[in-house]
Structures are given as C-alpha cells and as structure tokens.
Amino acid sequence: MTPQGEPVLKLFKQTGAYLQGHFRLSSGLHSSGYLQSALVLQYPQYAERLGEDLASALLTLTKGETPGLVISPALGGLIVGHEVARAFGVRFLFTERDADRKMSLRRGFSLSPGERVIVIEDVITTGGSTREVIDVVQAAGATAFAAGSIIDRSGGAVELGIPRVALETLTVPVYQPDECPLCLKGEPVTKPGSRPV
Ligand code: ZN
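Residues numbered from 1 in each chain as written. Predicted model: local features only at pLDDT ≥ 70, side-chain atom pairs only at ≥ 80, totals over all residues. Heavy atoms only, no water.

## Examining the pattern of salt bridges
- Under the definition given, this model contains eight salt bridges.
- Linking R116 and E65 is a salt bridge whose minimum nitrogen-to-oxygen distance equals 2.6 Å. Here R116 is found in strand 6 (residues 116–124), whereas its partner E65 is found in the loop between helix 3 (44–61) and strand 3 (69–73), with 51 residues between them in sequence.
- Looking at R116, the relative accessible area reads 35%, which means it is partly exposed.
- Classification of E65 as partly exposed rests on a relative accessible area of 24%.
- Taking the shortest distance from any N to any O, the salt bridge between D152 and R164 comes out at 3.0 Å. With D152 in strand 7 (residues 143–152) and R164 in strand 8 (residues 164–169), this pair connects stretches of sequence that are twelve residues apart.
- Residue D152 is classed as buried on the basis of its relative accessible area, which comes to 2%. (Salt bridge = Lys/Arg side-chain N within 4 Å of Asp/Glu carboxyl O. Helix = DSSP H or I, 4+ residues; strand = E, 2+ residues; numbered from the N terminus. Buried < 20%, exposed > 50% of the residue type's maximum accessible area, 1.4 Å probe, protein only.)

## What to know about unusual backbone geometry
- Looking along the chain, the bond that leaves A74 and enters L75 is cis, with omega of -5°.
- Summarising the element assignment, L75 is placed in the loop between strand 3 and helix 4 (78–88).
- Non-glycine residue R101 carries a positive phi angle of around 70°.
- Mapped onto the elements of the fold, R101 is located in the loop between strand 4 (91–97) and strand 5 (103–105).
- Overall, the relative accessible area of 45% leaves R101 in the partly exposed class.
- Positive phi is not limited to glycine here, since R107 has a value of about 60°.
- Tracing the chain through its elements places R107 in the loop between strand 5 and strand 6.
- The class of R107 is exposed, set by a relative accessible area of 62%.

## Description of the environment of M103
- Tracing the backbone shows M103 in strand 5.
- For M103, a relative accessible area of 6% gives the class buried.
- Sequence separation of M103 and V133 is 30 residues, and the distance between their C-alpha atoms is 7.0 Å.
- For M103, the contacting residues outside a window of four places in its chain are P73, T95, E96, R97, S129, E132, V133 and V136. (Contact = heavy atoms within 4.5 Å.)

## Points about helix 4
- For helix 4, every residue scored as buried is listed here: V80, G81, E83, V84, A85 and F88.
- Looking at the buried side of helix 4, the elements it contacts are helix 2 (38–41), helix 3, strand 3, strand 4, strand 6 and strand 7.
- Once helix 4 finishes, G89 follows within two positions and takes phi at roughly 75°, a positive value.

What follows is the structure, encoded as structure tokens:
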C-alpha cells in the first residue's frame with residue numbers, strides 16, 4: 001500500500017466498491033475480492049479528484065511530460081480516463097471490442113502517427129486490457145509512453161513494458177477457474193464486471 005494511496009482504498013470501502021465474495025474477473029480469473037470502481041466513480045467529485053491525483057502521479061512518473069491525449073479501454077476506463085484527460089487539458093479516446101472481440105478504435109476516433117499517449121484503466125489485475133490498448137496505439141503509429149490506474153491489484157507484479165503508476169497497490173489473490181479454492185468449496189461465482197460471462 002502506498003502512503004498516498006491509503007485514502008483511495010478508504011474511498012472504495014466507504015462507497016461499497018470493495019466487494020468480498022467469489023467473483024469471476026474480466027480476465028476470466030476467479031477471486032475473493034472485487035473492486036467495483038463504478039461505485040466510487042458514480043460520484044463526480046470523487047472521479048474528478050482521482051483523475052487529478054492520477055495526472056499528478058503521472059507527471060511525477062514521466063518527469064513532467066503532458067500527453068497529446070489519454071486513451072482507455074471501455075467500459076471500465078471511461079470515467080477515470082476522461083477525468084485524467086480533463087486534468088491534462090487534452091482529448092480523450094476509448095477503445096472497445098469489435099464483433100471479433102478485438103480491441104479497436106471505433107466511432108471515427110483516430111490517432112496520428114507520432115502522437116504521445118497515456119493509457120488509463122480503472123483497475124489493473126493482469127494488465128491485459130491495457131496491453132491491448134497499447135497495441136492499438138502502436139498499430140496507429142502513435143506511442144504509449146506511460147500508463148496509470150486507480151488501483152493495481154496485482155501487488156505491483158504487472159509489467160507493461162512502459163512506465164506505470166497506480167494510486168493504490170493491493171495484493172488480492174486470483175485463481176485459475178480450475179484451481180479456485182472457492183469453486184472447490186462449491187460457492188457460486190458471480191460476475192460483477194461489464195463483459196458477458
Ligand atoms: Zn472460483
């Protein structure tokens with residue numbers, strides 16, 4: 001837990017966003033803990049503050065480089081990514097899955113070759129979504145030079161190949177579905193995220 005992150009976890013607990021139970025995460029892994037950031041971000045004043053704190057942490061991480069734009073994976077990254085973009089005074093784009101489940105830029109969004117981009121997610125578990133967004137950015141000839149999330153629940157283990165920062169770092173164990181102790185106990189699994197089960 002980072003010293004500056006402590007109030008962030010408190011905010012998640014206060015708003016009921018830190019759930020305990022048996023969950024299937026968007027990565028497909030199972031866990032006894034789930035961070036439902038939508039419950040924090042339903043309060044615009046908290047969303048704004050988290051966006052400002054992330055922008056400030058990113059400026060420290062990148063030694064002061066303001067991005068050309070901010071980009072996030074839908075749906076989870078939408079609100080916080082938008083608030084980070086607002087704090088930087090730059091535009092905000094999001095990626096979403098196409099019919100083949102491939103992460104892509106739609107709705108007429110475009111990136112120009114050479115643009116320097118920061119990728120924002122709400123919660124990093126495996127880093128899978130952020131990696132997919134980085135791939136979309138690189139395929140457009142732009143550069144993702146840093147990434148950020150409100151919470152890193154991998155205990156700092158996720159490596160993206162670019163500098164990364166989180167306001168709060170937690171270690172919440174995750175399990176492959178066939179090795180999940182909660183499944184072995186016969187506890188029903190719930191799917192609190194946004195992707196279809
Ligand atoms: Zn399970």
